[in-house]
Amino acid sequence: MHRIGQGYDLHRLASGLPLFLGGIPLDSPVGCVAHSDGDVLLHALIDALLGACALGDIGDHFPPSDPQYRGVSSLVLLVQVLKLLKNCSVTLINLDATVFLESPKLYPYKRQIREKLADVLGLPLDRVSLKAKTMEGLGSIGHQEAIAAMVTVLLQVDEAQNPS
Ligand code: MG
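Below: a short report on this structure. Computed from a predicted model, the values in this text were never measured in an experiment. Per chain, the residues get numbers from 1 upward, laid out in the order the sequence is written. Two thresholds apply to this predicted model, a pLDDT of at least 70 for residue-level local features and 80 or more for giving and counting side-chain atom pairs, whereas whole-chain, interface and lining totals are computed over all residues. Water and hydrogen atoms were dropped before computing side-chain values, which therefore reflect all heavy atoms in the structure.

### Some thoughts on the coordination of the magnesium ion
Basically, it comes down to this: Each metal's donors are the N, O and S atoms within 2.8 Å of it, or within 3.2 Å when it is Na, K or Ca, and because water is not part of the set, sites may look incomplete. Strands here are runs of E lasting at least two residues and helices are runs of H or I lasting at least four, both read from the DSSP assignment and numbered beginning at the N terminus. Here the term buried applies to any residue with accessible area under 20% of the maximum for its type, exposed to any over 50%, and partly exposed to those in between, with areas from a 1.4 Å probe on protein chains only.
All of the protein donors around the magnesium ion are Asp9 (OD), His11 (NE2) and His43 (ND1); their distances to the metal are 2.2 Å. Each donor residue of the magnesium ion lies on the same chain, and together they follow the pattern D-x1-H-x31-H. Pair noted here: His11 is in strand S1 (residues 2-15) and His43 is in helix H1 (residues 40-52), with a separation of 32 residues, a long-range link. Note on accessibility: His11 and His43 belong to one class, buried.

### Description of the sheet that holds strand S6 (residues 128-133)
Rule in force here: Two strands are counted as paired when DSSP detects at least two bridges linking them. Only C-alpha atoms enter the line fits that serve as axes; for helices the fit covers just the stretch in contact. Angles between N-to-C directions range over 0 to 180 degrees.
Taken together, 5 strands build an open sheet; the order of strands is S4-S1-S7-S5-S6 and the sheet is mixed. Here the strands that pair on one side only, and so sit at the sheet edges, are strand S4 (30-33) and S6. Taking the axes of each pair of neighbouring strands and ignoring which way they run, one obtains an average angle of 30° across the sheet. Bridge analysis of strand S5 (residues 90-100) against S6 gives 6 bridges, and the strand direction is parallel. Bridge pairing links Asp96 to Ser129 in S6.

Purely spatial values, then, with no claim about function.
Right, here's the structure in full:
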């Protein structure tokens, strides 16, 4: 049996803040306004993983009102979610991600981000897909006021642990 999950996240951008994607710092004059490090790619991935297991969303597990998550690396949150998934006896098969960002261009970072995700998730690189889109100068993302990401994941359920 398989389970599919989808996740989405958006953050406002502002000058002088760091910009992280998939745990990798990008060279950018703008970064995310966020309680944590504002890594929209990891936040969308976490929501996709939680969603595939019907375990709620990132805000349920890591409330922005909780001071222990202020400025936390989203990689730390992802590792906690992976432990949850292990308890649910599911295995991640692959992920497909799209980041919506006008600038900087993601091309120079794509390989590094995919390698980081593959390493943290324990997946071969050919099961970690990352795509980048601009918004052609339109809307909040097009005006470099926001960044967004969408992630889809497929999980396999360990039938021995979850007999139907
Ligand atoms: Mg977020």
